[in-house]
Amino acid sequence: MLGGRYIIISHIETNGETAVLLKAKDCFHKFHPVVIKVVHLMYRFAGLQEVQTLRRLKTADPCHLSHTMALLVNINF
């Protein structure tokens, strides 16, 4: 379990240059399927910029009309 919330199901992509993608289920939302992006330490700054961009997109779309990726939570470890 990751972050006390997500149950990891499988790896989607492990050969990425900047990150690893994991398929998981969200225990807080009826086990809704999610994708978790784990950014490699070397690309941490780029990952933080991505988090800021996703937060801005979420703020710009309060009615959730956009069909883009959404940031649910940011976990640092």
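Every chain's residues receive numbers from 1 upward, in the order its sequence appears when written. pLDDT decides what is reported in this predicted model: residues at 70 or higher carry local features, side-chain atom pairs at 80 or more are listed and counted, and totals for whole chains, interfaces and linings draw on all residues regardless. Excluding hydrogens and water, the side-chain figures rest on all heavy atoms present in the structure.

Q: So, the pattern of salt bridges: which residues are in play, and what are the values?
A: As a working rule, side chains carrying opposite charge can pair if their charged atoms are close by. By salt bridge we mean one thing: a side-chain nitrogen of Lys or Arg within 4 Å of a carboxyl oxygen of Asp or Glu. Applying the stated criterion across every chain, the model contains 2 salt bridges. Note that Arg-5 is salt-bridged to Asp-26, the shortest N-O span being 2.9 Å. Here Arg-5, found in the segment before β1 (6–13), pairs with Asp-26, found in strand β2 (residues 19–26); they are 21 residues apart in sequence, far enough to count as distant. Working definition: with a 1.4 Å probe on protein chains only, accessible area under 20% of the residue-type maximum means buried, over 50% means exposed, and in between means partly exposed. Judged by its relative accessible area of 14%, Arg-5 falls in the buried class. For Asp-26, a relative accessible area of 1% corresponds to the buried category. For Glu-50, the salt bridge identified is with Lys-37, shortest N-O distance 2.8 Å. With Glu-50 in helix α1 (residues 44–60) and Lys-37 in strand β3 (residues 32–39), this pair connects stretches of sequence that are 13 residues apart. Secondary structure elements follow DSSP: runs of H or I of four or more residues count as helices, runs of E of two or more count as strands, with numbering from the N terminus.

Q: How would you summarise a nonpolar patch on the surface if you had to cite specific residues and measurements?
A: Patch membership is restricted to residues that have no salt bridge and whose relative accessible area is over 30%. Joining uses 9 Å for like charges and 5 Å for the nonpolar side chains Val, Leu, Ile, Met, Phe, Trp and Tyr. Only the protein chains shown count as cover for residues, and the accessible areas themselves come from Shrake-Rupley with a 1.4 Å probe. A cluster of nonpolar side chains, contributed by Met-1, Ile-7, Ile-9 and Phe-31, occupies part of the molecular surface with about 410 Å² of accessible area. In this structure, Ile-9 sits in strand β1. Relative accessible area serves as the criterion here: at 47%, Ile-9 is assigned to the partly exposed category.

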